[in-house]
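Take a look at the letters that make up each chain.
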Amino acid sequence: MGEMEPVDARVEQQVVELRKQGVRKVSELKRHLAQFVTAELFKGASPPPVSRRRYYPSEKDLRNIMAKVKDQARHRIDQVNLEHVTSLYKKRKKRLYLLQGLFEEWRAATPEDKFHLRLRTEDASFLFCHQTLWQMRLLRMYGADVCVFDAAYRTIRYPLPLCFLCVRTNVCYSVVGVMVLQEETTEAIKEGLEVFKCWNADWRPASFMVDCNAAEIRAVESVFEGTKALFSDFHREKAWDEWIQKEHRVADKEDALAKLKAIATSLTTQQYEEAVKALMASHTWEQNPAFQSWFSDTWLSKAKRWVSAFKEETLNIAIITNHETEHQNKLFKHKYLEDYRDRTLSEMLDIVTHMYIPELRRTYTEANVRSYRQYDSSVPPFLWDRPTDVIQHITSCMDSSLSEGHVVKLGDGVFRVKSETQEDQSYELAFGSYDSLPSCQCDDWRRYKLPCKHFCAVFQKVPGWMWQQLSLKYREHPLLNLDATCCSMTPDSVDEWGMEVVSESVTCKDTQVTSDCDSPPRKRVSKSYLRKKCVNLTKQLMDRIYTTESQDTLEELSETLGRLVKGLTSVCGSEDGMLHLEAKRVRVSSCTD
């Protein structure tokens, strides 16, 4: 009857291949196998009955095969293939499973990109490093102040230490380097960082954000002299949450986490000391010696690596650690790689280099292009062609009740602005100089390093003191400007970025505005934007029609609207006399999960 016969080896191999391609549901596997048996095994002949277990495995058989593949993939790191790589590569067999073969193929296909591979031997550990030309450019633009070392394998549960070098760009976080180690030790991390340092001779980051890991701290600070290792907010809060959420550890978990976060976000040493006293005076602290020991030894002794009050006054640190923790969270979860964690090392690297990194590149490029658009009159010209987050923050600060009487000029580029809510409180601000950043004494500036409502009050109330008077070092910072290479949609730049050529070329204008009255060149806007604008104007027109009492005005308007409707009808798409509406496309944000 065919019920006891084993599964055909060809069918089992097909299940393995489908599993590697990402097919995980048993129902989907059965559908693919039925097609495989009909079109491949019995092509041109009558297929066997469905009762033949040899060709149509049961659900239990399929689950057992998939479990075996998963178990093998957990421990398979291509070591056998690496030992016989030369002979196998010459035969051009099993190309996707041979790391050395892929390595040579990648280098030949993209000679401008950087690759480093050292196979495991008795005297040396395994090391793989990769960086594209595009990633090197991002590292030069955004990696001068702060870089991030992310041990991705802890999140996606990959057996080998898969590590990413990351930077915060003007629109999102992005990976600028890939590293695979045999073990996550200080020496292994140092070797990998030395490779990237050699590829990027001018790379000298002021700070490096790492996990609370001694090996990462020692490696970073030994490779880059003068660089300070800081704890990533994402990894720090994740470690706190994991420790506190364990049973029988902390009674009031929410209160404990709130007090720990208050310490981390302290902007001055006084706030830091007060937050520490509040924690130590809490019931949770007094009644839990384990909590006291854990926080004092592991975190409080290293407060200078994670408390905002002790971090240097750099623009990148403020934006990375405080303003965009949510974006950090989305990057470090690496959900894109979750579906591929059971692959071999060769397959995983092939996916990272040819799928994951190009996807990040597309996200960065599209986010810059989409931010380059035409603004309405409510957005000041000095905010045009800047990242959306920057525009939203500054425009929200411009809606205040501060008047000219609240602003006092103290010197050249130095002002005192009274508080909007407290009459006896005032804040001193400075526009900065060639070597220094602007500054303000308020908490909003300390947290975000973006113009606060006190700066905006000076912009609006004091003639001659606008955005262009801020420090040049600040105004031209890449985090505050769109990437002109992405926004230049000319054929040359399209080829460089691998994007589709568009019919209308758009050139990013100079973002340095010399006067509020300067008008930028007219930009080509999208049809959807124009449709929304026309609909809004139509709604305004309807409101005014209902309040108009003049008979002559209504008659004239009726004739005008009739001509408009007739003119639009002649250019609208129609099918059998019916208006043809364009299908609405669902848009997904480029920086969300």
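Refer to the preceding data block for the structure.
Residues numbered from 1 in each chain as written. Predicted model: local features only at pLDDT ≥ 70, side-chain atom pairs only at ≥ 80, totals over all residues. Heavy atoms only, no water.

Visitor: I'm lost on the overall build of the protein in this one. Help?
Guide: When helices and strands are tallied, the protein shows 27 helices and 13 strands. Within the protein, the fraction of its 593 residues that count as buried is 44%. For the protein, the proportion of contacts with a sequence separation of at least 24, taken over those separated by at least 6, is 60%. For the protein, the exposed surface amounts to about 32400 Å²; the carbon and sulfur share of it is 50%. (Helix = DSSP H or I, 4+ residues; strand = E, 2+ residues; numbered from the N terminus. Buried < 20%, exposed > 50% of the residue type's maximum accessible area, 1.4 Å probe, protein only. Contact = heavy atoms within 4.5 Å. Areas by Shrake-Rupley, 256 points an atom, 1.4 Å probe, with all protein chains shown as cover.)

Visitor: Honestly, the sheet that holds strand β6 (residues 207-210) in this entry has me stumped. Any pointers?
Guide: The pairing of strands in a sheet comes from backbone hydrogen bonds and takes either a parallel or an antiparallel form. Pairing is mixed in the open sheet, where seven strands are placed in the order β1-β2-β5-β4-β3-β6-β7. On the outer flanks of this sheet lie β1 (114-118) and β7 (228-231), each paired with one strand and no other. Across the sheet, the mean angle from the axis of one strand to that of its neighbour is 20°, orientation sign disregarded. Summarising the sheet, β6 and β7 pair through four bridges and their orientation is parallel. (Pairing = 2+ DSSP bridges. Axes fitted to C-alpha atoms, helices over the stretch in contact; angles between N-to-C directions.)

Visitor: So what exactly am I meant to see when it comes to the sheet that holds strand β11 (residues 439-440) here?
Guide: Strand order across the open sheet formed by four strands is β8-β9-β10-β11, with antiparallel pairing between neighbours. Every other strand in the sheet has two partners, leaving β8 (407-411) and β11 as the edge strands with one partner each. Where β8 and strand β9 (residues 414-418) come together, four bridges link them in antiparallel fashion. Paired with Lys 409 across the two strands is Phe 415, which belongs to β9.

Visitor: I'm lost on the pairing of strand β2 (residues 127-131) in this one. Help?
Guide: Successive side chains on a regular strand alternate, one facing one side of the sheet and the next facing the other. Counting buried residues along β2, five of its five residues qualify, which places the element largely inside the surrounding structure. What you see with β2 is no split at all: Leu 127, Cys 129 and Gln 131 on one side and Phe 128 and His 130 on the other are buried throughout. Relative to β2, β1 runs antiparallel, the two sharing five bridges. Residue pairing in the sheet places His 116 in a bridge with Cys 129 of β2. Bridge count between β2 and strand β5 (residues 173-181): four bridges; the pairing is antiparallel. Counted as the bridge partner of Leu 127 is Leu 181 from β5.

Visitor: Quick question: what am I supposed to make of the packing of aromatic side chains here?
Guide: Working definition: an aromatic ring pair is given by the centre-to-centre distance plus the angle between the planes. Inspection of every chain in the model, using the stated rule, returns 32 aromatic pairs. When the centroid spacing of 5.8 Å and the interplanar angle of 80° are considered together, the rings of Trp 240 and Trp 299 count as edge-to-face. Of the two residues, Trp 240 sits in helix α11 (residues 233-244) while Trp 299 sits in the loop between α15 (289-298) and α16 (315-323), which places them 59 residues apart along the sequence. The same class applies to Trp 240 as to Trp 299, namely buried. Centroid distance Trp 445 to Tyr 474: 5.8 Å. Interplanar angle 40°. Geometry classified as tilted. Here Tyr 474 lies in helix α23 (residues 472-475) and Trp 445 lies in helix α21 (residues 443-448), a separation of 29 residues in the sequence. Residue Trp 445 shares its accessibility class with Tyr 474, and that shared class is buried. Among the aromatic residues, those joined into a ring-pair cluster are Phe 231, Trp 240, Trp 243, Trp 285, Phe 291, Trp 294, Phe 295, Trp 299 and Trp 306. When the ring centre of Tyr 173 is taken as origin, the NZ or CZ atom of Arg 168, which lies over that ring, is 5.7 Å away. When the ring centre of Trp 240 is taken as origin, the NZ or CZ atom of Arg 236, which lies over that ring, is 4.7 Å away. (Phe/Tyr/Trp six-rings, centres within 6.5 Å; stacked < 30°, edge-to-face > 60°. Lys NZ or Arg CZ within 6 Å of the ring centre and 35° of its normal.)

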